[in-house]
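Residue-level listing of the chains:
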Amino acid sequence: MNHSAHQHQQAPHAHHARDTSWRTAAQATLHCLTGCAIGEVLGMVIGTAAGLHNAATVVLSIALAFVFGYALTMRGVLRAGLPVRRAVKVALAADTVSIAVMELIDNTVMVGVPGAMDAGLSQVLFWVSLALSLALAFVLTTPVNRWMIGRGKGHAVVHAFH
């Protein structure tokens, strides 16, 4: 075994971490954001339209964000030929931390902006707050995803199936 192959075997994750680009992390975060945003917006719209209490609306939004986030990942890996059981495991490994961080951030913003959760669907405050919460979630989750991908975790597990 030559010296460089031996070094790569000893520290593959260290090499990976240096090579993980911000572009790759941003693409992974955007993928996650897509599922989260669909669930988040749908949950907020349903909760607000149905007159649910703010806590119930947040819980519904979080649940739907996880469902849609996992579903988007599963769609891709199922298309790559994985059986459903394995696709579920890949989606859980790929998205759980990213979705959790994103949901923590965007729901904290929504709850923290005075009046945002009580604003109706026809009010600008609701939509601006929701857009701001998702944008901030994207910005703050991208470094988390970069760190995870660099260590072979998160969306790195999905890349084998693309």
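Here, every reference points to the structure presented above.
Just so it is clear, the model here is predicted, and its values are computed rather than measured.

(A) How the structure looks around the overall build of the protein chain. Counting its secondary structure elements, the protein chain contains 7 helices and 0 strands. Burial analysis of the protein chain (162 residues in total) assigns 36% to the buried set. Split by element, the accessible area of the protein chain, about 8,800 Å² in all, is 68% carbon and sulfur.

(B) Representation of a nonpolar patch on the surface in the model. Taken together, the side chains of Leu78, Val84, Val88 and Leu92 present a nonpolar region at the surface, about 300 Å² in accessible area. Here the element with the most residues in the nonpolar patch is helix H5 (residues 84-112); it accounts for 3 residues. Structurally, Leu92 can be placed in helix H5.

(C) Here's a closer look at the environment of Met44. Mapped onto the secondary structure, Met44 falls in helix H3 (residues 22-49). Considered as a pair, Met44 and Val58 are 14 residues apart in the sequence and their alpha carbons are 7.2 Å apart. Residues contacting Met44, with those up to four places away along its chain left out, are Thr57, Ser61, Asn107, Met110, Met117, Leu121, Phe126 and Leu130.

(D) Local environment of the environment of Leu104. Structurally, the position occupied by Leu104 is in helix H5. Between the alpha carbons of Leu104 and Ile62 there is a distance of 8.9 Å; along the sequence they are 42 residues apart.

Definitions and cut-offs
Residues numbered from 1 in each chain as written. Predicted model: local features only at pLDDT ≥ 70, side-chain atom pairs only at ≥ 80, totals over all residues. Heavy atoms only, no water. Helix = DSSP H or I, 4+ residues; strand = E, 2+ residues; numbered from the N terminus. Buried < 20%, exposed > 50% of the residue type's maximum accessible area, 1.4 Å probe, protein only. Areas by Shrake-Rupley, 256 points an atom, 1.4 Å probe, with all protein chains shown as cover. Patch = residues over 30% accessible without salt bridge, like charges linked within 9 Å, V, L, I, M, F, W, Y side chains within 5 Å. Salt bridge = Lys/Arg side-chain N within 4 Å of Asp/Glu carboxyl O. Contact = heavy atoms within 4.5 Å.

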